Every structure is written in C-alpha cells, then in structure tokens.
Amino acid sequence: MNSMKKSWPNVLAAFLLVTTTIISSVNCLYEDQIKKFDWKTTQIGGVSQAYLELNGFQPRLLVSTRENVIASLCPKTGEVIWRQIFETGARGNIKLLQLSSAASAGDNTAAARPGSTSGFDLLTVQGHAPALVRGWNANTGNLEWEWSLMPIQVEKALSSMWFYRNAMLYHVLPVWKSHLEVTPYFASSGQATGNTAKITAPWISEEKCLLAGTYLACVEGSQLISLDLTANQPQVLTKALGEVSGKPLKAVEGLNGVVVVNGKLVSVKDDIKTCDSLRADSFTIGRFNNQNVIVTASIKDKNLVIDGYTLDTCQQVSELSHSLLYPEHYGPAQIKSFDCKVNRNSDGKGCLFIADTTDDSILAIQQSKFRWTRSEALANVIATEFIDLPLADSEGELENEMKGKAGEDPSLETDIVSAFMHRIGSQVMHFKSLLLHVVGLGAKPSATQKAGIVRDAFGLHKMLVVLTKSGKVFGIDNISGKQHWQLYLKNVEAFGNGEQMRLLIQRTSKHFPLQALCVVVAKDKFNGNGLLYRFNPITGQAAEGGLTQLNYKIKQLSLLPETDTDFVKGLLLVDANDKIQVYPENAKAKADGLYIYTANKAKSSLNGFHIKYENNKLTTIPLWNVDLSGHNGDHEIIAVASKNPIERVHSQGRVMPDRSVLYKYINPNLVAVFTQASDSIHKYLLNVYLIDVVSGSVVFSMMHRKVRPPLHVVHSENWLAYAHYNDKVRRTEITTIELYEGKTQANSTVWSSLSAPPMPLVERQTYIIPTLVTSMRETITERGITSKDVLIGTSSGSIVELPWALLDPRRPISSSSNGRDEGALPYVPELPLPTENMINYNQTIPRLNYIYTAPSGLESTCLVVSAGLDVFVTRISPSKTYDLLKEDFDYILISIVLVVLTTGSLVAKHLASRKSLKQAWK
C-alpha cells in the first residue's frame with residue numbers, strides 16, 4: 001500500500017510531462033488568418049472532352065482535360081465541384097470519357113456489373129500499360145469500380161484507342177503501316193466477349209488517322225479511307241474528297257462516322273446523314289426541341305459566331321444563332337458541347353455553349369454573352385515576375401515637381417538647408433493636392449488609381465506577371481488574386497533542349513514617370529527564329545514596338561547589367577552562329593567587356609567568350625572550353641544552376657568559436673553544372689562541377705555513385721544544395737556544399753575571377769529527406785540581412801520552409817563545445833518536416849513543380865509564388881517580422897501611455913518651477 005502511495009507522484013509527474021509535451025507540440029493557424037496573406041487558384045487544364053446536362057436532377061458539366069484530369073463544373077458559375085487528378089504523361093492519358101446518359105437507352109443497363117440493376121454513371125479509360133477502366137459516380141466523383149488491361153507489347157499499346165458501343169468497350173490497337181487489332185470487352189467487368197479481330201490496313205499512319213465513332217478514318221491524298229471496326233466482316237470504305245486535306249482530321253463528338261476535313265463535315269459513307277454544305281471552325285451535336293442539332297462556331301470579323309442546324313434537314317435554327325465580340329486575348333475557339341434547358345417558350349435563351357480555346361481557356365456562352373470563363377492556362381506556369389506598382393496620382397505629381405526642382409537647382413544635392421526647405425515645400429504641395437482632392441477640385445484619378453493598382457508603403461502590393469506554356473500572359477494582383485489583364489502570344493513555343501520561354505524585366509516602376517517594361521523571349525513555331533514581345537506589365541499593353549520577329553535563332557540570352565539613359569536594360573542575344581545581337585541596338589556599347597558562356601547539353605561542353613565592341617560592331621573572342629563528356633563521351637549535362645542576379649550578400653563571413661572570422665567564398669560568376677552517365681558497376685553516376693564561367697576554371701568537382709534524377713538545385717551566396725534520388729538505398733537525399741576562402745580575405749571590395757583567390761575550403765554533407773522533392777528555391781530579401789531559408793516542394797503538394805541551419809554542412813556529428821559556440825546544431829541524418837513549417841498549410845498544390853521568390857519592400861518579408869496544376873501565392877518571414885508591428889499591437893494603450901507621460905512631465909515641470917520659485921523667496 002505504501003509503495004502504491006509512493007508511486008502516485010511519479011505517475012502524476014509523468015502525466016503532467018506527457019500533457020505538457022502534447023500541448024507544446026500543437027501548432028495551428030487561426031481561422032481568421034486563413035487566406036489573409038495568401039490565395040490559391042483551382043485549375044483543371046484545357047478541355048479535350050465535355051458533356052453538358054442542364055435538364056437532369058442536378059445540372060452538371062463533366063469534362064476531361066489535356067492535363068489528365070476529369071472534373072465536374074457548375075454550369076452556372078464554372079466553379080469546380082469535384083476533380084480527379086490522374087498521373088502525368090502517358091500513364092494518366094485519358095483515352096475515353098463516356099457518360100451513361102450520352103449513350104443509347106439500351107447501353108445503360110447492358111453495361112451494368114453482374115448482379116447490378118444500374119449501369120455506370122461515368123466511365124473513363126486511361127493509360128496504356130496498364131490501361132485502367134474505371135466507373136465513377138458523376139455527382140460526387142467517387143470511384144465505384146475498375147478493371148485493368150495489361151498489353152503484351154507495351155510500345156505498340158501507346159497508340160491504342162478506345163470507343164464505347166452497345167454496352168461494349170472496344171480496344172483498338174493499331175500497328176502502323178500494317179494492321180489493326182480490335183478486342184471487345186464488357187464495359188463494367190472487363191471480360192472479353194470473343195477473339196481479337198485482326199484487320200489488315202497497310203495505309204494507316206498516326207498522323208493521318210483518327211477514330212470517328214466506330215470507324216477508323218484516314219486521309220490518303222484526296223481520298224478518305226475508313227473501316228467499320230464493329231462489322232463482322234470489315235470492308236474498306238473510300239470516298240473522294242475533291243481536294244487535298246491541308247489540316248489534320250477532326251472527329252465530331254456524338255456523330256458516328258463523320259469527320260471534319262478542311263472545315264467541312266464529311267461522312268465516311270453516303271448512307272450516314274450529315275450537312276456537308278456547312279463550313280465552320282468547329283462542330284458539335286446536341287438536342288433542341290426534341291431534334292438533333294449541329295452547332296457550328298467560327299470567328300468572323302473579331303466576332304464569335306455560333307449557329308445551329310437540324311441534322312435531318314440542315315435548316316438553320318434561328319434560336320441558336322449568337323454573335324458576340326471575341327477578345328484578342330483568347331485563341332481560336334472550339335465548340336465542345338451545348339445543351340438547352342427545357343422551357344415553355346423554347347426560345348433558346350436557356351441554351352449554354354461550352355468552348356475550349358488554344359490558349360487553354362474555357363468559355364461558357366449564353367444569350368450572346370460570356371456567362372463565365374476559366375483561365376486554365378494557369379495550369380502550366382513556366383515563369384513569373386513581381387513588378388512594383390506605380391505611385392498614387394498625388395505622389396506622382398509630387399515626384400514630378402521634386403524632380404523638376406532638383407534639375408533646376410543642383411545645390412539641393414549638397415546644401416542641407418536648401419534640401420530641408422525643398423522638403424517643407426514638397427509637404428506643402430502635398431497638403432495642397434490632398435485638399436483639392438477632398439473638395440473635388442483635384443485632377444481625375446487615373447485608370448490604375450481606380451483599379452487599386454497603387455504602390456503601398458511597405459512594397460507588399462505588387463503586380464504578379466505570369467507566363468504560361470500556351471503563350472498566355474497574365475497580370476494578377478498578388479494580394480487579392482484578381483486578374484487585371486491578359487494577353488495571348490500566338491504561334492510561340494519553348495526553345496530546344498527543354499528550355500522554356502523567358503520573361504524578363506527591362507525596366508522597373510521605380511523610374512517615374514517612365515512606365516515599367518517587360519519582354520517575353522520565345523521561339524516562332526513555324527520558322528524556329530527568335531521572337532520578342534515587349535509590353536507594359538501594369539496595363540498589359542504593347543510597348544516599345546510590341547512584337548518583334550527576329551531573323552535568327554536564339555542560342556543564349558541575358559540582360560545587360562547597365563541601363564541606358566531611359567533606364568532600360570538591353571537584351572543580349574547569342575544566335576546559332578555564336579554572333580552577338582543586342583536589342584535595342586542603341587545599347588550595343590553597354591555590352592563591351594562582358595563575359596558570356598554557352599552550354600551544349602548534347603555534347604556536354606561549355607564555352608566561354610569575351611565580348612568586344614569596336615567600330616559600332618560586337619565581336620566575340622573564344623576564351624575557354626570545358627569538356628564534361630567523360631572518357632567514354634557518355635556524360636550528359638542535365639542541369640546548370642547559377643546564382644540569382646538580384647541577390648545581395650549582407651554578411652561576408654562566419655564567426656568561429658575563437659572569435660576569428662571564416663570568410664565566405666562569394667564568387668558571383670560561379671555556376672553549378674551537373675552531368676549524368678550510366679555505369680556497368682554503379683548503374684548511375686552523377687557528377688557535380690562548380691565552374692567559374694569567366695576564367696573557365698573548375699573550382700570544385702564531386703561524383704555520386706548510384707544516384708539519379710529527379711534533380712533539383714538551389715545555388716546562393718557561398719552554398720549549394722541539391723536534392724537527388726539514391727538508387728542504392730532507394731530514398732531521396734539532399735546534399736549541401738559550402739565554400740570558404742579561409743580566415744583571410746583576398747579582396748574585400750571587388751571580386752575578380754581573373755585574379756581569384758586560391759581554391760576554396762569545401763564543407764559538404766548529405767541529409768535524408770523523408771519525401772519526394774519536386775522543386776526547391778531559396779528565400780530572398782532586398783538587403784540580404786534576413787536569414788536564408790530553403791523552400792522545398794514535395795510530391796504531396798506541400799511547401800516546406802527549412803532554415804539553412806538544418807541544412808548546414810558544418811553541423812557537428814557530436815555535440816562539441818566548438819559546435820555550440822558556433823551556433824551549429826548537432827548532425828542528424830534525417831531532416832524533420834514539421835507541419836508548422838508548411839507555408840501552404842492545407843492548401844496542397846497537385847503536381848507542384850515551380851517555386852519563385854522575390855523581395856518585398858520589407859527586409860523581413862519574402863514574396864512567394866508556387867505553381868503546379870494550381871497556383872498558390874503567399875508571403876513569408878524567415879526571421880519573423882522584426883521590422884513590422886504585430887497585428888494585435890495596442891495602439892490605444894500606447895497612445896494613452898504617451899499622453900499620460902507627456903501630461904505628467906508637463907505637470908511635474910510646472911510644480912518643480914513653483915517649488916523653486918517659493919524656495920527663492922524664502
């Protein structure tokens with residue numbers, strides 16, 4: 001009994017310890033903070049198939065997209081009700097989307113599983129090895145059943161096609177230039193109904209053939225050749241087109257055996273009814289007033305024209321005719337689906353048309369107006385930039401007057417009294433401008449002022465310019481997420497070797513009254529030459545000539561470090577012949593003396609050049625060449641990482657325990673190059689090279705064995721961090737490298753690669769990260785005073801903010817006194833991923849592959865934009881907001897304290913003076 005009494009305090013202490021640990025480990029986000037400093041878009045991608053139903057119990061729009069997503073949208077608003085995201089690439093490619101109500105009446109029951117009285121609601125077929133056939137609940141998006149099919153020959157199955165007919169699912173496997181293999185299956189069970197039919201077809205090719213319902217149609221010269229894949233004895237059907245098809249064939253969803261050839265409907269055989277006299281950019285079929293109707297869509301004179309025709313008589317249905325002004329920032333439209341809500345009048349006002357555009361937008365049109373639109377180009381973000389907003393109107397006027405007076409009186413720069421008087425005068429003018437605006441006599445607000453596009457005091461409010469893969473450019477408010485403008489660049493594409501289009505800032509908004517200037521550098525889709533588009537990032541309007549077609553291919557590009565008299569940074573371009581081009585040409589002199597380099601990924605070589613300007617011409621002098629192909633020539637460059645050009649380094653050294661300084665090796669010309677090769681013993685080899693691209697010297701190199709991509713790199717200040725996959729132990733690891741000059745600094749003012757210090761001291765370490773890394777980026781601030789953090793995007797869609805102290809390669813293995821004095825944490829192999837460090841909390845980003853950071857006006861705050869299928873924008877403070885008062889700061893209390901202290905000091909002063917006066921009279 002006594003032992004039990006003695007044990008009670010121990011149990012109570014243990015309970016309190018566990019309770020305290022649990023309470024202290026709980027971190028949360030207050031409900032009122034959600035989406036206060038961040039916002040997120042929900043994307044699905046450009047539409048490939050669409051089914052619209054307005055007359056059911058629950059109106060719905062079901063779509064499959066080019067981003068391997070199926071989703072249900074609200075027909076009234078376009079909001080996403082649910083979505084299912086499949087794998088990327090060929091594994092998740094959606095081959096077929098079939099809605100039960102879109103099939104014939106007998107299909108619904110016949111497609112049911114054994115023992116079931118209801119058929120599938122929504123059926124999809126995705127991938128090829130294996131092909132997954134799934135049945136979904138179209139109202140909730142829940143998976144109800146699935147079966148798979150694994151092909152014998154995986155390579156041939158990549159081009160497989162599927163179609164649904166009479167409760168059967170047909171798998172068509174084409175062997176190009178040879179034959180077809182057609183196998184029918186029960187749609188819901190996956191059981192084959194018979195043998196595979198092999199149809200000889202030596203004329204079929206991937207570029208000229210497509211599936212049109214149950215027919216495989218191909219264009220051969222001026223003939224249309226087709227096969228009925230459901231016939232017991234398939235026969236070759238030929239039909240003369242009368243003209244050679246200049247565009248690829250297109251199928252019409254819902255019309256069996258009908259294709260679009262050069263904007264004209266053509267049936268594979270004469271007994272299939274169609275309206276062959278119609279000409280349009282796109283077609284679809286639906287029902288209106290209990291009749292099958294063909295709807296056409298075309299762009300004429302900058303208007304989108306929609307017309308309807310009955311399928312039986314080809315007569316125009318006037319109720320379905322619409323025409324509306326088509327904005328230039330949308331690409332050519334393809335009508336995907338339409339439906340009309342049944343009403344007594346049958347006047348067509350309840351008809352909704354769904355269209356997809358080449359810029360990956362979804363348009364909903366009703367009564368000759370856009371009911372709603374979705375910008376699905378944001379599902380493929382490739383570049384972003386934060387642009388400072390312009391000054392307010394009153395501040396702009398004040399800036400103009402101050403610049404004018406400063407130009408008239410140069411003494412303002414040196415004479416303190418004159419500067420002070422000028423300051424007082426400017427405040428008077430500011431007060432005068434404010435008074436005029438209050439009484440209504442001031443100048444009318446500008447368009448940017450009305451739209452709220454005005455710079456704030458802390459530089460947190462900016463314009464987010466987003467460049468997407470389709471050539472669409474957006475101007476988005478980084479605080480609210482509102483799209484202020486958008487523009488579309490037609491016929492542009494990415495460069496070779498996996499290099500995407502570039503978005504560059506040539507002039508910022510800090511040079512009032514000059515407007516900011518951005519440029520998009522891309523490749524022309526037809527001739528492969530370079531293309532420039534210059535625009536105002538605040539308004540989205542073309543500037544400085546707008547679109548410029550170059551007559552050469554672009555091999556390398558960069559901004560010039562110096563600006564001209566109009567504060568515009570010139571664009572330095574290297575063409576395919578290693579000749580230097582500068583745009584605009586009047587900035588050629590600014591390129592004199594620069595050093596550039598090019599990297600050839602195929603040959604695994606780097607070349608360095610020196611630019612010389614003589615006789616109004618630019619010439620390049622080859623300086624060095626580095627061959628990284630290895631002794632067998634099988635090494636290939638997979639990544640090149642340089643430092644952020646706007647990065648500032650605040651601290652040049654690190655204090656050691658003995659109070660000495662270990663100086664950082666801060667080489668702005670240092671570039672990290674990664675090569676990969678196969679090896680018979682180690683399977684994979686990953687080589688890391690740190691190369692000075694001015695002198696061509698290899699500063700450091702290292703090899704990883706049994707390591708392979710995916711590779712993600714962050715290069716900043718004197719350190720390098722990269723994530724890779726260790727194939728030996730099958731896990732993701734992060735390796736960090738730090739470079740130091742030593743305890744003496746060669747040059748504390750200006751760095752020169754031509755007279756560089758000796759080889760640096762190298763610290764390196766590898767850490768285990770318990771997740772798959774999809775992207776990495778370091779934080780950046782305006783002055784570089786704030787501590788650096790590394791943002792790590794994970795495969796689960798979270799963004800983890802890890803302090804550099806956790807990735808520091810100088811973390812001691814044992815907790816020694818030197819490590820504690822230096823402030824380094826003891827080494828632990830596995831990196832922690834606490835949930836409180838996830839900056840997007842529960843706003844996960846599917847397929848996260850892009851993170852970009854930019855400084856704000858506050859030194860403590862960094863702006864972040866991340867993108868995958870969705871876009872997430874927020875701001876973070878790696879060292880907390882030490883330069884900003886907290887939100888719950890009690891202004892009233894501090895004001896009362898100041899008033900009381902001021903009043904008390906005045907009263908005390910008065911009483912002290914009276915006391916001294918009385919003492920003087922005594």
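For clarity, every value in this text was computed on a predicted model and none was experimentally measured.

S.K.: What exactly am I supposed to notice about a nonpolar patch on the surface here?
M.R.: A contiguous nonpolar patch, built from Leu885, Phe889, Tyr891, Leu893, Ile894, Val897, Leu898 and Leu901 and spanning about 760 Å² of accessible area, is present on the exposed surface. Within the fold, Leu898 resides in helix 9 (residues 891-921).

S.K.: Quick question: what am I supposed to make of the pairing of strand 12 (residues 179-186) here?
M.R.: Residues in a regular strand project their side chains so that they alternate between the two faces of the sheet. Within strand 12, six of the eight residues are buried, which leaves the element mostly enclosed by the surrounding structure. Pairing of strand 11 (residues 168-175) with strand 12, which is carried by eight bridges, proceeds in the antiparallel orientation. Each bridged residue has a counterpart across the sheet, and for His171 the counterpart in strand 12 is Thr183. If you look at the hairpin formed by strand 11 and strand 12, you'll find three residues sitting between the two strands, and Lys177 has a positive phi there, around 65 degrees. As judged from the four bridges shared by strand 12 and strand 13 (residues 197-200), these two strands associate in the antiparallel manner.

S.K.: What is the right way to read the sheet that holds strand 43 (residues 617-627) from this model?
M.R.: Pairing between sheet strands relies on hydrogen bonds along the backbone, with the strands arranged either parallel or antiparallel. Spatially, the three strands line up as an open sheet ordered 41-42-43, and their pairing is antiparallel. The outermost strands of the open sheet, each flanked by one partner alone, are strand 41 (595-600) and strand 43. Averaged over all pairs of adjacent strands, the angle between strand axes in this sheet comes to 25 degrees, irrespective of strand direction. By the bridge criterion, 10 bridges tie strand 42 (residues 605-614) to strand 43 in an arrangement that is antiparallel. Bridge pairing in strand 43 links His610 to Ile621.

S.K.: What is the right way to read the side chain of Ser160 from this model?
M.R.: With respect to the secondary-structure elements, Ser160 resides in the loop between helix 3 (154-157) and strand 10 (161-165). Overall, Ser160 belongs to the buried group, its relative accessible area being 4%. Side-chain polar atoms of Ser160 contact the backbone oxygen of Ala157, separated by 2.8 Å.

S.K.: Please explain the sheet that holds strand 24 (residues 316-325) as it appears in this structure.
M.R.: Pairing is antiparallel in the open sheet, where four strands are placed in the order 21-22-23-24. If you trace the sheet from one side to the other, it starts and ends with strand 21 (282-288) and strand 24, each paired once. Pairs of neighbouring strands in the sheet enclose a mean axial angle of 20 degrees, with direction left out of account. In this sheet, strand 24 lies alongside strand 23 (residues 303-310) in antiparallel orientation, the contact comprising six bridges. What sits directly across from Gly308, in strand 24, is Val317.

S.K.: I would appreciate a short explanation of the packing of aromatic side chains in the present structure.
M.R.: Aromatic ring pairs are described here by two measures, namely the spacing of the ring centres and the angle between the planes. Under the counting rule described, the total for this entry stands at 14 aromatic pairs. Considering the side-chain rings of Tyr326 and Tyr330, the 6.0 Å spacing of their centres and the 45 degrees angle between planes classify their relative orientation as tilted. Judged by its relative accessible area of 7%, Tyr326 falls in the buried class. The exposure class of Tyr330 is buried, given its relative accessible area of 7%. Of the aromatic side chains, those joined through ring pairs into one cluster are Trp147, Trp162 and Tyr185. Stacked on the ring of Phe86, the Lys or Arg Arg134 has its end atom at 5.6 Å from the ring centre. For the cation-ring pair, Arg810 lies above Tyr740, with the distance from its terminal atom to the ring centre recorded as 5.9 Å.

S.K.: How should the environment of Leu123 be read in this particular structure?
M.R.: With respect to the helices and strands, Leu123 occurs in strand 7 (residues 122-126). The spacing of Leu123 and Leu96 is 27 residues in sequence and 7.8 Å in space, taken between C-alpha atoms. In this view, Leu123 contacts Leu96, Leu97, Gln98, Val133, Arg134, Trp145, Leu169 and Ala187; residues no more than four positions away in its chain are not counted.

S.K.: Explanation requested: the state of the cysteines in the structure shown.
M.R.: Disulfides are covalent bonds that link the sulfur atoms of two cysteine residues. Summed over all chains, the structure comprises three disulfides. Between Cys340 and Cys351 runs a disulfide, and the two sulfur atoms are separated by 1.9 Å. Its S-S torsion of about 105 degrees marks the bond between Cys340 and Cys351 as right-handed, since a negative value means left-handed. With Cys340 in strand 25 (residues 333-340) and Cys351 in strand 26 (residues 351-357), this residue pair connects regions lying 11 residues apart in the sequence. A relative accessible area of 8% means that Cys340 is categorised as buried. Given the relative accessible area of 1%, Cys351 is considered buried. Along the protein chain, the cysteines engaged in disulfide bonds are linked according to the scheme 1-2, 3-4, 5-6 when indexed in sequence order.

S.K.: What is the right way to read the pairing of strand 42 from this model?
M.R.: Relative to strand 42, strand 41 runs antiparallel, the two being bridged by six bridges. If you follow Ala599 over to strand 42, its bridge partner there is Leu606. The antiparallel pairing of strand 41 with strand 42 creates a hairpin that spans four residues between the two strands, and Ser604 there sits at a positive phi of about 55 degrees. Remark: two residues form the turn of the hairpin made by strand 42 and strand 43, two consecutive strands paired antiparallel; Asn615 in that turn has positive phi of roughly 55 degrees.

S.K.: Help me understand the environment of Lys601 in this model?
M.R.: Within the secondary structure layout, Lys601 lies in the loop between strand 41 and strand 42. Separated by 74 residues in sequence, Lys601 and Thr675 place their C-alpha atoms 9.0 Å apart. With sequence-adjacent residues up to four places away left out, Lys601 is seen in contact with Asn497, Glu499, Glu636 and Ile637.

Rules used throughout
Residues numbered from 1 in each chain as written. Predicted model: local features only at pLDDT ≥ 70, side-chain atom pairs only at ≥ 80, totals over all residues. Heavy atoms only, no water. Patch = residues over 30% accessible without salt bridge, like charges linked within 9 Å, V, L, I, M, F, W, Y side chains within 5 Å. Areas by Shrake-Rupley, 256 points an atom, 1.4 Å probe, with all protein chains shown as cover. Salt bridge = Lys/Arg side-chain N within 4 Å of Asp/Glu carboxyl O. Helix = DSSP H or I, 4+ residues; strand = E, 2+ residues; numbered from the N terminus. Buried < 20%, exposed > 50% of the residue type's maximum accessible area, 1.4 Å probe, protein only. Pairing = 2+ DSSP bridges. Axes fitted to C-alpha atoms, helices over the stretch in contact; angles between N-to-C directions. Polar contact = N/O pair within 3.5 Å; in protein donor to acceptor, adjacent residues only side chain to side chain. Phe/Tyr/Trp six-rings, centres within 6.5 Å; stacked < 30°, edge-to-face > 60°. Lys NZ or Arg CZ within 6 Å of the ring centre and 35° of its normal. Contact = heavy atoms within 4.5 Å. Disulfide = S-S within 2.5 Å.

Keep in mind that these numbers describe shape and distance, not what the molecule does.
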